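Listed below, chain by chain, are the residues.
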Amino acid sequence: MSITVRSPHSGVPVTVRTEDVGRALRDESGRVFYVVAKSEGEGHYGSRVRGGSEADEARSAGWDAGEALPAVAEGGEGGVVHDARGVQRRSGVGVWVVVLVVVAGLAAGGWWLWRSGVLAGGEAEPVGDVPAAEVSP
């Protein structure tokens, strides 16, 4: 699930994961901030310090109430939200295909060794026309 808070540095909306509450994050300019639960217990805000501060909470409440945002955030009000959730991981289907191909190769190799008699303890059958060894009397 996602949470959208404003960067305490620029006021630009930033989307973060709920797992990132209390962790160090970066805004659109690369500046570090933290997502902290509000003191009322309802909602979150962006803070410059890990434990949160009254000044950052008051600034966030003012921005939410309609106070003027910094000039950087004015351009970002039209729905452009910085996504700080990171790169989405792939499903891992490619890894499973590679594992399946390797296992199939090992199984085919084992089957070939078993059919040729190497694993059964016998000698391998000669391939092609090999002349029989001459035995002297």
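Residues numbered from 1 in each chain as written. Predicted model: local features only at pLDDT ≥ 70, side-chain atom pairs only at ≥ 80, totals over all residues. Heavy atoms only, no water.

Side note on the overall build of the protein chain
This is how it is decided: Secondary structure counts use DSSP, requiring at least four H or I residues in a row for a helix and at least two E residues in a row for a strand, with both numbered from the N terminus. Any residue under 20% of the maximum accessible area for its type is buried, any over 50% is exposed, and the rest in between are partly exposed; the area is computed with a 1.4 Å probe on protein chains only. When checking whether two residues touch, look at their non-hydrogen atoms; a contact exists if any pair is within 4.5 Å. Residue exposure ignores everything except the shown protein chains as possible cover, and the areas themselves are Shrake-Rupley values with a 1.4 Å probe.
Within the protein chain one finds three helices and six strands. In the protein chain, the succession of helices and strands from N to C terminus is β-β-β-β-β-α-α-β-α. Scored against the burial criterion, the 137 residues of the protein chain give a buried share of 24%. Relative to all contacts within the protein chain whose residues are 6 or more apart in sequence, the contacts with residues 24 or more apart total 36%. With the model as given, the accessible surface of the protein chain reaches about 9900 Å², and the carbon-plus-sulfur share is 58%.

Topic: helix H3 (residues 93-116)
Counting along an α-helix, one turn takes 3.6 residues, and residues three or four places apart therefore face a common direction. The cut-off we apply is this: By definition here, a helix of n residues has an expected span of 1.5 Å times n minus one.
Over its 24 residues, H3 runs 35 Å from end to end, which matches the ideal 34 Å to within 8%, given 1.5 Å per residue. Gly117 lies just past H3 and shows a positive phi near 95°.

Structural notes on helix H1 (residues 54-65)
With twelve residues, H1 extends 16 Å from end C-alpha to end C-alpha; this agrees with the ideal 16 Å at 1.5 Å per step. Buried within H1 we find Asp56, Glu57, Ser60, Gly62 and Trp63. Where H1 is buried, its residues touch strand E1 (2-6) and strand E5 (44-47).

Quick look at the pattern of salt bridges
Heads up, the condition is: For this analysis, a salt bridge means a side-chain nitrogen from Lys or Arg found within 4 Å of a carboxyl oxygen belonging to Asp or Glu.
For the structure shown, the criterion picks out seven salt bridges. Between Arg31 and Asp27 there is a salt bridge; the shortest N-O distance is 3.5 Å. Using a relative accessible area of 34% as the deciding quantity, one classes Arg31 as partly exposed. Residue classification places Asp27 among the buried positions, given a relative accessible area of 3%. Here the salt bridges do not stand alone but share partners, grouping Arg17, Glu19, Asp20 and Arg23 into one network.

Here's the deal with the pairing of E5
Remember that side chains alternate between the two faces of the sheet whenever the strand is regular. Rules: When DSSP locates at least two bridges between a pair of strands, those strands are taken to pair.
Pairing of strand E4 (residues 32-37) with E5, which is carried by four bridges, proceeds in the antiparallel orientation. From the neighbouring strand, Tyr34 faces E5, where its bridge partner is Ser47. In this antiparallel pair of consecutive strands, E4 and E5, the connection spans six residues, and Gly41 shows a positive phi of 90°.

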